[in-house]
Each structure stands twice: as structure tokens, then as C-alpha cells.
Amino acid sequence: MFVTPAFAQDAAAPATGGFADIAIQLMPILLLVVIFWLLIFRPQQKRLKAQQAMLSAIRRGDTVVTTGGIVGKVTKAVDGEDLEVEISQGVKVKLVRGMVADVRSKAEPVNDNKPA
């Protein structure tokens, strides 16, 4: 009553598990990896490069905005990590270069050499 006949498989049937089957199963995963790379990782790398270029190009006289929202003018910029920013008349603070969120206006280079 509950017994069903068992049918033997055809001996000439092709073997499964070939390279084409594996490639078809991995195709959606590879497609997701490509989409993530194009939509997330690549733009993030471009933004990081642009941010690093902006930070390295800061020089004296530039108006900067810190990550805390303070706007000030760079009074001293050396190649190291620190900047000296004047946030008010006579108020100068030392700022780590990485904490600059934006450069509002680029100033022309200031010539410290006074003519004789």
C-alpha cells in the first residue's frame, strides 16, 4: 500500500557537477561582488583620495572648517600633522590636519620676504 516501485536511472545520463554547473551557481555571488565594488568601494576610495589631497594642500591663509564646525583661518601650516588656526581675533588654536572637514576658500600664497 505505501510501497512505490523504484526505477533505475538511465546509465547513459551525463554526470552532474561539471564546471558549467559550478559557474552558474557562483554567477550571482560574483555579480553581487562586482556591484558592491562599483557602487560602494570605488566611490569611497575616490572620496578618500580627494580628502587626502585637500588636507595635504592646506596652506597659510586658507579658511577651513573643522569637523566640530569651527571656521577659522590657517595662520601656520607646516608639512607635519599640526596646523595653527585663528578662530577669532587673537585666538589661535592648534589643530590636527586630519580634523579639517572642508577648505572654504583658498588664499594666494603669502610672501614673508619683505623688500629691502
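As recorded in an unreviewed UniProt entry, the chain goes by the name Sec translocon accessory complex subunit YajC, listed as coming from Devosia soli. Taken from UniProt, the Subcellular location (unreviewed entry) comment for the chain reads in full: "Cell membrane". Listed under Subunit (unreviewed entry) in UniProt, the entry text for the chain is "Part of the SecDF-YidC-YajC translocase complex. The SecDF-YidC-YajC translocase forms a supercomplex with SecYEG, called the holo-translocon (HTL)."

1. What to know about the sheet that holds strand E3 (residues 82-88)
Sheet architecture is open: 5 strands sit in the order E4-E3-E2-E1-E5, paired in antiparallel fashion. Pairing within the sheet leaves two strands with one partner each, and these edge strands are strand E4 (91-96) and strand E5 (100-105). Ignoring strand direction, the axes of neighbouring strands in this sheet form an average angle of 40°.

2. Brief notes about the UniProt feature "transmembrane region" (unreviewed entry) in the chain
As annotated in UniProt, the feature "transmembrane region" (unreviewed entry) corresponds to residues 22-41 in the numbering used here. The distance separating the terminal C-alpha atoms of residues 22-41 is 27 Å; by composition the span is 100% helix and 0% strand.

What counts as what
Residues numbered from 1 in each chain as written. Predicted model: local features only at pLDDT ≥ 70, side-chain atom pairs only at ≥ 80, totals over all residues. Heavy atoms only, no water. UniProt positions renumbered as here; feature names shortened; annotations may be inferred. Pairing = 2+ DSSP bridges. Helix = DSSP H or I, 4+ residues; strand = E, 2+ residues; numbered from the N terminus. Axes fitted to C-alpha atoms, helices over the stretch in contact; angles between N-to-C directions.

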